[in-house]
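# Fold and contact review
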Amino acid sequence: MKKREYVYGNCLTDELEQLNDLQSQSLNLPLDVTKKWSQVFELECHRTVQCQKELVGGLAYISDEQHFGGRPVSCACVSAVAVAPHFRGYGVGKYLMNSFVQELAESELAISSLYPSSWAFYRNAGYELAGSRNIFKAPLSALPKGKKEHDVVPASVKEVSSLSSMWRKTCNFENGTLARIHPFFQGEKYLPKDELQVYKAMKEDTCEGYLTFCLRKEKQTITIDTICAVNDLAMSSLLGFLRRHDPIYPEIAWCGAPLDGMAWFFAERHFKLVHHLPWMTRILQVSKALTQRGYPKGFSGEFHFYIADSLVSQNEGTWKLVVEGGRASVERGGKGNIKLDVAALVPLYTGSLSPRTLALKKRLQATYEQIEALSELFAGKSPYLSQMF
């Protein structure tokens, strides 16, 4: 068998159509969907693999921020990882992901997140389960009627980018949520103008909340994209506005944490979890990731890690983490008496698994006292994502 040599690089303009075709075939998606990606993902954020000048693999990513511990962490949101069917099983996917991780480890990005088609495949590149995307549904009639303290008025999709600053403030209270800096997450570039509905909760001339949603007419469902308010009265007004769509749209759907805050607005357990999709994260740069993340403000401590990373040599070795007042400083060196690999660091970092569970799974080597301290350090809400990418 002839030796196959692969070349990884940026996607060129004249290769984009070919990449769209490959993604459509490989991912079993309509061609018009993959062509939309080329419109909303900048050309410089597409990567390809070629073999003897034949395009045999590729991916796309968006740079955004994912919140952990009350602070934004720079993140590459990876999508559309595709390999030509006749090249599967020949290491193209592994070469693509390893090259991508090594490239971004030299960038300004701290972590990378994606929705995996195969856990084992992405684990080979140092990704690990980090949280979940959970979709809930409930009868619209089960929502409270709400108060009319605010005027709920329509807004344009173009206003979402300015309203998103309100959303980013709420992200400080969640783990895993995206800041939605990129226009892709604001609806303006990827949805028809008549599909995304935008409304604001106004108190006189001040906007105190906003709501974006899609009307799924064929399913008679309101699918919430964003609901955000600065106080309880604004939230009550927005929920009441949604409630008044019943009975034309008898059902509501939304994304949230495993035990989501929306659940507390129902008098009984009328809602149900209908979809659970795990996501995975890769620590691209240990120092950046640990520094950018937030920590409990009342906690202070010093931790000495030894982190193994066979793919990114810059991450391998000992690290000293000092936490004070909700922020951390990271430097090389230290005792290295808390041992784990870069993949095991992911669920610890995102809060999806406790240090004790990681220790029981033999993914973390630490003393009982260190496990107790790590539990305080990485305490927080269950991580979740609401956006697909």
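Summarised in this report is the structure supplied together with it. (Residues numbered from 1 in each chain as written. Predicted model: local features only at pLDDT ≥ 70, side-chain atom pairs only at ≥ 80, totals over all residues. Heavy atoms only, no water.)

What follows deals with the sheet that holds strand S13 (residues 301–308). Sheet strands line up and pair through hydrogen bonds in the backbone, either parallel or antiparallel. With mixed pairing, the 4 strands of this open sheet are ordered in space as S15-S14-S13-S16. This sheet does not close on itself; its edge strands, each paired only once, are strand S15 (327–332) and strand S16 (338–341). Each strand of the sheet is rotated relative to its neighbour by a mean of 30°, with strand direction disregarded. Pairing between S13 and strand S14 (residues 317–324): 7 bridges, direction antiparallel. Bridge pairing in S14 places Gly301 opposite Val323. Against the sheet, helix H8 (residues 342–350) engages S13 and S16, with an angle of about 105° to S16. Most of the contacts of helix H10 (residues 368–377) go to S13, to which it runs at about 100°, and overall it touches S13, S14 and S16. (Pairing = 2+ DSSP bridges. Helix = DSSP H or I, 4+ residues; strand = E, 2+ residues; numbered from the N terminus. Axes fitted to C-alpha atoms, helices over the stretch in contact; angles between N-to-C directions. Contact = heavy atoms within 4.5 Å.)

Let us look at the pairing of strand S12 (residues 272–283). Two elements, strand S5 (residues 111–114) and S12, share 4 bridges in a ladder whose sense is antiparallel. Bridged to Leu114 within S12 is Met280. Strand direction decides the pairing type here: strand S6 (residues 128–139) and S12, joined by 9 bridges, are antiparallel. Paired with Phe136 across the two strands is Leu273, which belongs to S12.

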